[in-house]
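Descriptive analysis of the structure
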Amino acid sequence: MANEQAARVPRKAYEKELLRLQTELVKLQEWVRSEGARLVVVFEGRDAAGKGGTIKRVAEHLNPRVARIAALPKPTERERTQWYFQRYVEHLPAAGEIVLFDRSWYNRAGVEHVMGFCSKEEHQLFLRQCPIFERMLTEDGILLRKYWFSVSDTEQQERFRRRLEDPLRRWKLSPMDLESISRWEAYSRAKDEMMVHTDITEAPWYVVESDDKRRARLNMIAHLLDSVPYHEVPPLVLELPDRPPSTGYQRPPRDLQTYVPDHAARL
């Protein structure tokens, strides 16, 4: 593929363009808030495909009261008895909000299906209901964007290896992640079947080539911005007031409070 042949994006160019795109994301956020829009962005893909890092860059400079990340844990016993989509509906945005789904209802089409955590009947029911569910969301006015992060088997293996060797990132690996190596083709077939059923006109899938993480982040954010008809909202005019004169307040003696030790002084 063309992206696999392209040279990796240089760090300096990446950081400059990322900052520009993040500035536009803040403008998008203010438009969502002022217009009362509702934006849902779904991030899916293989383990170690770069979803988490991209989500961090999207949310880095946004107001967490407006834009929040939904990364749901495995369902509780009670949730397993609910309609499958029910636990996700709870996290959908209200007016003026953005929700970034770090994995989503598509767990049933991927992990649950491949690992045998759902029945064949449950999987087929999901594939029938998901397009209906997403059409209901878009018909109600929700802006729904779905991104699939595609990573090659060799790059995934290398990222797993680096995580195993890095004590700061080892927590990202689980036995289930490593199991995905031996089930590569099963996940590929599951993804292909999912795309056939859920790549609908109202909510199409957008594939992000992610062997180069920098390129993937820039491409995904730029596409998101291009896909939403936002405009810059004039900011509130704010002025820093003058500090009023003292009225005699005196700070309590330092020895009456417990301070954090100055660890930095020992460096």
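Throughout what follows, the structure given in this document is the object of discussion. (Residues numbered from 1 in each chain as written. Predicted model: local features only at pLDDT ≥ 70, side-chain atom pairs only at ≥ 80, totals over all residues. Heavy atoms only, no water.)

Observations concerning the environment of Phe101
With respect to the helices, strands and loops of the structure, Phe101 is situated in strand 3 (residues 97-102). In this structure, the C-alpha to C-alpha distance between Phe101 and Phe43, residues 58 residues apart in sequence, is 5.9 Å. In this structure, Phe101 is in contact with Val40, Val41, Val42, Phe43, Ile55, Ala70, Tyr88, His91 and Leu92, ignoring residues within four places of it in sequence. (Helix = DSSP H or I, 4+ residues; strand = E, 2+ residues; numbered from the N terminus. Contact = heavy atoms within 4.5 Å.)

What about helix 2 (residues 11-35)?
Across its 25 residues, helix 2 extends 35 Å between first and last C-alpha, which sits within 8% of the 36 Å expected from 1.5 Å per residue. Buried residues of helix 2: Tyr14, Leu18, Leu21, Gln22, Glu24, Leu25, Leu28, Gln29, Trp31 and Val32, and no others. Of the surrounding elements, those touching the buried residues of helix 2 are strand 1 (38-45), helix 3 (51-59), strand 3, strand 4 (143-150) and helix 11 (213-227). Looking one or two residues beyond helix 2, the residue adopting positive phi is Gly36, at roughly 70 degrees. (Expected span 1.5 Å × (residues − 1). Buried < 20%, exposed > 50% of the residue type's maximum accessible area, 1.4 Å probe, protein only.)

Considering the sheet that holds strand 4
Read across the open sheet, the 5 strands follow the order 2-3-1-4-5; overall the sheet is parallel. Strand pairing shows two members of the sheet lacking a second neighbour, strand 2 (67-70) and strand 5 (205-209), which therefore form its edges. Taken pair by pair, the neighbouring strands of this sheet meet at an average axis angle of 20 degrees, ignoring direction. Note that strand 4 and strand 5 share 5 bridges and pair parallel. Residue Tyr147 lies in a different strand from strand 5, and its bridge partner there is Tyr206. On the sheet, helix 11 packs against strand 1, strand 4 and strand 5 and is oriented at approximately 160 degrees with respect to strand 4. (Pairing = 2+ DSSP bridges. Axes fitted to C-alpha atoms, helices over the stretch in contact; angles between N-to-C directions.)

Brief notes about the packing of aromatic side chains
Considering all chains together, one arrives at 17 aromatic pairs under this definition. Note on Tyr84 and Phe85: the rings are 5.4 Å apart at their centroids and 80 degrees apart in plane angle, and the pair reads as edge-to-face. Measuring from centroid to centroid gives 5.8 Å for Tyr84 and Tyr88, while their planes differ by 50 degrees, and the two rings are tilted. The buried category is assigned to Tyr84, whose relative accessible area is 14%. Judged by relative accessible area, Tyr88 falls into the buried class, the value being 2%. Counting every residue linked through ring pairs, the aromatic cluster contains Trp83, Tyr84, Phe85, Tyr88, Phe101, Trp105, Tyr106, Phe126, Phe133, Trp148 and Trp205. The side chain of Arg254 reaches across the aromatic face of Tyr259, ending 4.3 Å from its centre. (Phe/Tyr/Trp six-rings, centres within 6.5 Å; stacked < 30°, edge-to-face > 60°. Lys NZ or Arg CZ within 6 Å of the ring centre and 35° of its normal.)

Structural notes on the nonpolar core
By size, the foremost hydrophobic cluster in this structure holds 32 residues, and its most contacted members are Leu25, Leu28, Val41, Phe43, Leu100, Met220 and Ile221. Counting residues per element, the ones that place at least two in this core are helix 2, strand 1, helix 3, strand 3, strand 4 and helix 11. If we ignore the near neighbours within four places in the chain, the residues touching Leu25 are Arg57, Val58, Leu62, Ile221, Leu224 and Leu225. Val99, Phe101, Phe126 and Cys130 belong to the second largest nonpolar core, which has 25 residues in total. (Core = buried A, V, L, I, M, F, W, Y, C linked by side-chain atoms within 4.5 Å.)

Notes on the packing of helix 8 (residues 153-165) against helix 9 (residues 175-182)
Running from N to C, helix 8 and helix 9 point in directions that differ by 150 degrees, and their axes come no closer than 11 Å. Between helix 8 and helix 9, the interaxial angle falls into the category roughly antiparallel. In terms of crossing hand, the pair formed by helix 8 and helix 9 is left-handed. Across the interface between the two elements, Gln156, Gln157 and Phe160 from helix 8 touch Asp177, Leu178, Ser180 and Ile181 from helix 9. Residues belonging to the contact of helix 8 with helix 9 are distributed by class as follows: 3 nonpolar, 3 polar and 1 charged. (Parallel < 35°, antiparallel > 145°, perpendicular 65-115°, else oblique. Left-handed = near helix turned anticlockwise from the far one by under 90°. Nonpolar A, V, L, I, M, F, W, Y, C, P; charged D, E, K, R; others polar.)

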